[in-house]
Structure formats: C-alpha cells, structure tokens
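Here is what each chain is made of, one letter per residue.
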Amino acid sequence: EPSQSETSAERSQKLEGIGCKRKRVEDIRFTQGHGNYVDDVKLPGMLFGDFARSPYAHARIKHINKESALKVPGVLAVLTAEDLIPLNLHYMPTLAGDVQAVLAHEKVLFQNQEVAFIVARDRYAAADGVEALEVEYEELEPLLNALKALDDDAPVLRDDLAGKTEGAHGPREHHNHIFTWSAGDEAATQEAFDKADVVIEEYLAHPRVHPCPLETCGSVADMNPITGQLTLWGTFQAPHVVRTVAALITNIPEHKIRVISPDIGGGFGNKVGVYPGYVMSVVASIVLKKPVKWIEDRMENLSTTAFARDYHITAELAATKEGKVIGMRSHVFADHGAFDACADPSKYPAGMYHICTGSYDIPTAFCSVKGVYTNKAPGGVSYRCSFRVTEAVYTIERAMDLLAQKLDMDPAELRQKNLIQPEQFPYTSAFGWEYDSGDYPTAMAKTLEAVDYKKLRQQQAQMVEDFKAGTSREIMGVGLSFFTEVVGAGPSKNCDILGINMFDSCEIRVHPTGAAIARLGVKSQGQGHETTFAQILASETGLPADMITIEEGDTDTAPYGLGTYGSRSTPVAGAAAARAGRKIKHKAQLIASHLLEVHHDDLEWDVDGFAIKGMPDKRRSMKEIAWAAYNNLPKGMEPGLEAVDYYDPPNFTFPYGAYLCVLRIDVDTGVYSVDRFYALDDCGTRINPMIIEGQIHGGLTEAFAVAMGQLIDFDETGNILGASLMDFFLPTAVETPKWETDHTEVPSPHHPIGAKGVGESPHVGGVPAFSNAVNDAFRAFGGVHTHMPHTHSNIWNYARSLGMID
Ligand code: CDP
C-alpha cells in the first residue's frame, strides 16, 4: 500500500508503466529451461507422425507401396492422399485464395513435398517407416526460373487447375500464372518519365530466403472421441485464425476446437500459415483415436515451410537534374512456388509492396506484380516485415542510391532533397497510404551528425585514391537507408484474413486484492508481451505491472484476435489494452466517488488512484477501489471490475528510421568487416526502451543475415541447396556486427498511447543499408549493382567482373 508521504513520481516509478526499462518477466522461465514449447507437450498414449517426402521437384507418383512401411515394428498407419480424398481433405485452402495439397495427389511439385504421413508409437519407428515406404515416381521437367514461368513452352505444374481461367485476384493468363496486381496511376507516371531529365532502371533481385526460427514448426492434436472435442497445440502465430480455419475445413464446430499456442521459439512469419503437418496430426488423431504429435526437423523446416522474398524487381525512378524525384515505377515477378500460400491480407496479393515510394515525397507512382508458380516450396511470408515491406524498401532505397550515382550526387543529399517534410503529415502517398506522423529531416540530420558523415566520405575518397595508386587493396562502403514501415494491420477497410477483419483485443479482470489478469488476441514468439502489455495496463489502471499477469495463445480463454505478425501487436492489441484499461478506470472512478462521497466529476486521477480535486490526501488507491468493487458499490452498480476491448484501428502506424552502415572490403578475398552500424528508430511512444533495443538488435542481425549470406537456392533439377544450417547462414555472436542504436519519438496521432510497432523496422531498414554499403564501395570503380546475398565469394566475383583483380 503506498504511504501518504510518497510523491506522485515515486508512486509512478513503482508501477513500472510505459517508458520503464522493466526486466522481461518471461525470461525467468526461458533462461532457466522452463519454457513450455509444443515439443514439451506429452500426453498419455501419444503417437508420433512423420512425413515421407518427395526426392523430386516435379514428378508423377506412379505407385505407393504402403505395406513396406506397415511392416516396420511400431508403425500403426500410413496415410496418403487416397485416404484424404473421401474426407475432402487432400487439398486445403490457403490464406491467398489458392489450395495446397495436404498430401501429394498424383504429382509432386517441389522437393520434399509431403507424400505420406506415417504414424507410429514413437518417433524412431515413424522415421523407420518413412525410410521403408516404397514410392515409384516418373520424373518430369522442373520449372525453377520464375522469369521463364510464363513462357509458352513452360512445363504445366498445376494439373489440378487445368481449365481454371479465374484466380483469386482476377483472370489467369497462363497455366503458371497466379495473378497480376497493380497500384498507382500508370498514365501519370509515364508522363513523369517522359518529361524527366534523368531516369534510372535496374533489375534488383530479392532472393529466396527463409525466416528460420530456432524452434521448428510442430503440433499435437488430441481428438477426444467421447466428447468430440479437438485440442490442438501448435506453433501458431495466429491461434484464433487456426481455430476458425480448422472448423471450416473439418466441419468440427468451432466451440469444440481449442487451439493452444504454448511458448513459441521465434516465428518471423514462418508460423502464420497452416501446414500439412498440422492437418495430418489432426486427421491421424481422429483416425487412430489417440493424441498425435508432429515435429519438423531443421531440413524439413528450411525446405518445405514458408519461404520469404523471391521477388524479381525492376525499379525505375524519374527525376529532375537537380535531383527532385518526380516519378517511381516498379514491376515484379513474384515466385510463389508450387501453391500460392502467401500470407497477406486478402485484398493485397503483393502485401504492402505499394509502400515502395518510401520516405520521399514522390508525386506519381505505379507498380505491378505478377505472381507465378514454380517447382519450389509454397508460402511466401513476411519474414520479419509487414507483408512485403522489406522488398518495397529495398526497391526504393537501392533506387535512390542508383539515382544519386547517375546524378553524381551524394546519396544523403539526394535523400534530404526528397524526404517528406514534417508539415506534410498526415501525408498521403502516390499509392494512397496516409502516413500518420514523423519528422524525417530531424532523424536524418541526427544520423549524419552521429556518424560524422562528412568525415566518412573523406576517408572513403582517400581509400579510393590509395587503391587506385596501388598502395592499398582495401575499399570502403557507406550504406544509407531511410525507411518507412506500414504496420498494425489493420484497419478493417484495408485488411482481412479470409473475410475476418484484422482487429485485436484485450480482456482484463481485476481481482478483489488489486491483482489482475489480462488476456489478448495476439501471441508472443519471444517479443516480451508478458512484460510490455502489463506496462501499458499499469500506466492506464494504476495497478503495478507486477500485479498483472498477461496470458495469450489459448482460444478457450483469450478474446478473439488475429495474432502476431507484421509488428501488429503494439499498434492493435496494445491499443485494445490501453482502452480496456481506460474502461476499468472509468468504473473505478464511479466507485471512488461512492467511497469518497463526492460527485465523480470532483475527482482527479493521480498515478494509481483517484483524489478529490485540490485535496490530494483525500484519495482512494486502485487497490482500495478493486476491493470495493467486490463489496462496497454504489447502489445499482454490478459487482466486479472487468473490461474487454476490441480495437479496429483507424489507420496503420508508420514507424521509420535512418540507418547507416560502414564496411571495409578486402578486394582480393571479398572478405568484409562491418566497422560501424548506426540505427536511429522512431516508433512513437516507447513502452519499454530495453525491449525495443533488443528488438532492434535482433532485427538488424536478421537484416545482416539476409543481405550478407542467406539464400535458399536450387540446382537445375530442383534440388534444394541451403536446407541445413551448414549451408543456410544463421549468424552467431561471432559474425554479428556491433550495433549502435538511437531514437527520436514522434507519437502516432491516432493510437491511444501514441505507440507504433517496432519489431520489424530494423529488418526492413537494415537490409538495404547493408546492400547499399557493399554497392557504394564499388561506386568509384564503375560498379552499379550487385545482387544479395553479398557473400565473400559474390563480392570477390563482382570485384573481378569490374577488373579490380587481375
Ligand atoms: O507484433 P510484435 O510483438 O512482433 O511487434 P511490436 O508490436 O513491434 O512489439 C515488439 C515488442 O516491442 C513488444 O514487446 C512491444 O511491447 C515492444 N514495443 C515497445 O516497447 N514500444 C513500442 N513503441 C513498440 C513496441
């Protein structure tokens, strides 16, 4: 109980509310090995399922001999597409309006595609069953190059779509065509290009990568044959959506399905979609009347679950000779793999790619995206970004550097000339987005000053001279990026998933002693929600954060929400939490007026309770009010202190930042070292500065990984290269550069506490900063553009192609 002598500031500090560097409460269990992940779920009589997968990227299935697998001791069932057809479950709907094979029927369309599900008493027997299964294939020509997918003689991949001329997003032009989508004003943009003094055009590939969370995907399904109740534990970033989809495709009533996302070891978009493994664990549990567990191994995760990027981008800018950008255009070939299982709001098959005018005041713009099928794994997801924003920001930020080069101008100066100005907010972009708030020039100026930009450029020029004089073999690159994210999906006018609007929710119950539990519709995968949502509620209700338990991920208890991805938790569920807290406070004020025997208008809020205006000693703390809510209420008021809020945001939030990377390259080996990486972020009101810093470190590390090393590649037969951590680059503390973080704080005008999302910003802004730095190093040597990933060997080859190595 606060003593009367405590000042407001002291009481405020005790709450550990918004702005406090509160230690992460969830880390007590994570750091001591007491997390509860899906593979920790162990049920009596539980069986294990494992997939037999295709060795080929494109082949016809001639015959499956189940008997060979059924002979393995411990194997109880072998399920194939033939078993699923009577249940109408051999295909499942995808989030993108396509269907995806749960088990391959007649054909396989990518290497490691699921062909049969083998259920056994233990994992070992299941794996032996997979080994023993005999499948006869007839190999077909694979299609691996998205740019050739629409050729007349390209192989036909999707036999199941034969004759289907309408896709989910308009007419289909070709057997491998999924959709063509465009935004902006094509004619006006053409006019801008016609009258421009300078134009640039470049092909920028954003290669296929994988989110690669530390924990792979998995599920445990338990169908109770007596009650008809299905309980499904799984690695789900959006548990409620999984419940609804499961109800729709299985016809099990939704109230009989309980979906639980326990602790999740990283998602980054990989755990948004629905995978065949989830479906098969449910089917197997229904068939065998026992709980069934399915857990992927690392190779399965990297080769079959949702990939990211694979965008083949052409970027164009039109500008005056002084460097004012007057038009922007971009065409994309999007490689969606064998099934369109991309995770985007229904209306946007290319996600938010049309944020690609970036942070600049560009009057006209046009973009178009063509989605195509190839013999690769499905599931394009936003790997730590809000629906293709990384691709969009890469496009504009590389393009700005290319334009600066063509104009022989400094990249920072060109950006400064074109940044949206503070007085232009709310700013409507050429694509129609309404950017909510920002002060871009200040962020840019602060960045350039912090790194002493002028001096860096002098150093760089000196190194160019030394290299050209033959006294040094080292060059230096300075990579800038100024990014704007669009996060917090989303306003229902823009965003839905399968027709469900993308709102989110918070329900709070304050117990008689002033302790509380709050449940939300989002689901942390390590972002620290148990810590930060309690901070929002502490500031709003005056109850200390450590008296508020945060719970997420159980559809039987949490209010409906659309889950966590696209940095939407703070912008949407965080707003719902603030508003639920305000509803609690509203009732508390009425109770306090009864306790203090004054009209509620005569009360004022003071940190953690209500006091009579002008009489700070005449007060009732929230703790006292909570007690009264259960035994001493105004006449006619219902007991209890609970509130629920469903929040449909009026707009997205637009966090932004200015990043700068300095690296040195040893030309003869292609080996680089990152000398400096400075990241200034603005995410509006900062809830927990320590968690924000952690989010930025993590996001920058993943940006570094993508730009400098990650690649999911294929050989000419469709063999996946890079499906293990021997080949796929996952940086450790050894490779990871040191990060310098900084911030400005311009609140969002429409969010109840002014907060914007932050989790993905560093990834979005980080990738182009690295790529610009590598490209910038070669600018003085005739380099124009070299593609990611910037591995040592790719850098070395590029230096050779420019004649810098004999
Ligand atoms: O949706 P997701 O949790 O991935 O992303 P987010 O909303 O950006 O939040 C990531 C973490 O940063 C959460 O723990 C937030 O509470 C915290 N955060 C913050 O402290 N202040 C902000 N303005 C934004 C996020």
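Remember, it's a predicted structure, so these values are computed and weren't measured experimentally. Each chain has its residues counted from 1, following the order in which its sequence is written. The model is predicted, so local features are restricted to residues of pLDDT at least 70 and side-chain atom pairs to those at 80 or more, both for listing and for counting; the totals for chains, interfaces and linings are taken over all residues. Side-chain measures were taken over the full set of non-hydrogen atoms in the model, leaving aside hydrogen atoms and water.

Enquirer: Describe in detail unusual backbone geometry, supporting the description with residues and values.
Expert: In this structure, P426 follows F425 across a cis peptide bond, with omega equal to -5°. By secondary structure assignment, the location of P426 is in the loop between helix 11 (411–418) and strand 20 (427–428). With a phi angle near 55°, D408 is a residue other than glycine that sits in the positive phi range. Segments assigned H or I by DSSP are reported as helices when at least four residues long, segments assigned E as strands when at least two residues long, and all are numbered from the N terminus. Its place among the elements puts D408 in the loop between helix 10 (389–407) and helix 11.

Enquirer: How would you summarise the side chain of R415 if you had to cite specific residues and measurements?
Expert: In this structure, R415 sits in helix 11. Contacts are residue-level and defined by heavy atoms, with any inter-residue pair within 4.5 Å sufficient. Aside from chain neighbours lying at most four places away, what touches R415 is Y360, E397, M400, D401, M444, L480, S481, F482 and N772.

Enquirer: Can you lay out the nonpolar core for me, pointing to particular residues and giving the numbers?
Expert: What makes a nonpolar core is a set of buried Ala, Val, Leu, Ile, Met, Phe, Trp, Tyr and Cys residues whose side-chain atoms join them at distances within 4.5 Å. For every residue, the accessible area (1.4 Å probe, protein chains only) is compared with the maximum for its type, and the residue is labelled buried under 20%, exposed over 50%, or partly exposed between those bounds. Membership of the largest hydrophobic core comes to 177 residues, with the highest contact counts inside it found for Y353, W433 and F778. By residue number, the principal contributor to this core is helix 10, which donates 11 residues. Those residues in contact with Y353, other than ones at most four positions away along the chain, are Y311, I313, S330, V332, C367, V369, F387, R388, E391, A392 and T395. I584, V607, M622 and Y647 belong to the second largest nonpolar core, which has 46 residues in total.

Enquirer: I'd like to hear about the pairing of strand 29 (residues 609–612), residue by residue, with values.
Expert: Because side chains alternate across strand 29, one face comprises the buried residues G609 and A611, and the other comprises F610 and I612, equally buried. Note on pairing: DSSP must find at least two bridges between two strands before they are called paired. Where strand 28 (residues 603–605) lies against strand 29, three bridges are found, and the strand directions are antiparallel. Along strand 29, the bridge assignment pairs L603 with I612. Here strand 28 folds back onto strand 29, and the loop between the two strands holds three residues, one of which, V607, carries a positive phi near 65°.

Enquirer: Residue-level account of helix 10, with values.
Expert: Quick reminder: α-helices carry 3.6 residues per turn. Residues three or four places apart thus point the same way. The first and last C-alpha atoms of helix 10 sit 27 Å apart over 19 residues, in line with the 27 Å expected at 1.5 Å per residue. Of all the 19 residues making up helix 10, 17 are buried; the element is thus mostly covered by neighbouring parts of the structure. D408 sits one or two positions beyond helix 10 and adopts a positive phi of about 55°. Multiply 1.5 Å by the residue count of a helix minus one, and that product is the helix's expected span.

Enquirer: Can you lay out a nonpolar patch on the surface for me, pointing to particular residues and giving the numbers?
Expert: Note that patches include only residues with greater than 30% relative accessible area and no salt bridge, and the join distances are 9 Å for like charges and 5 Å for nonpolar side chains (Val, Leu, Ile, Met, Phe, Trp, Tyr). Accessible areas in this description were obtained via Shrake-Rupley with a 1.4 Å probe; residue shielding takes into account the shown protein chains only. We define a salt bridge as a contact between a side-chain nitrogen of Lys or Arg and a carboxyl oxygen of Asp or Glu at a distance within 4 Å. Taken together, L214, L725 and L730 make up a surface patch of nonpolar side chains, about 270 Å² in accessible area. Locating L214 in the fold gives a position in the loop between strand 12 (198–209) and strand 13 (218–223). With a relative accessible area of 68%, L214 lands in the exposed category.

Structural measurements only, silent on function.
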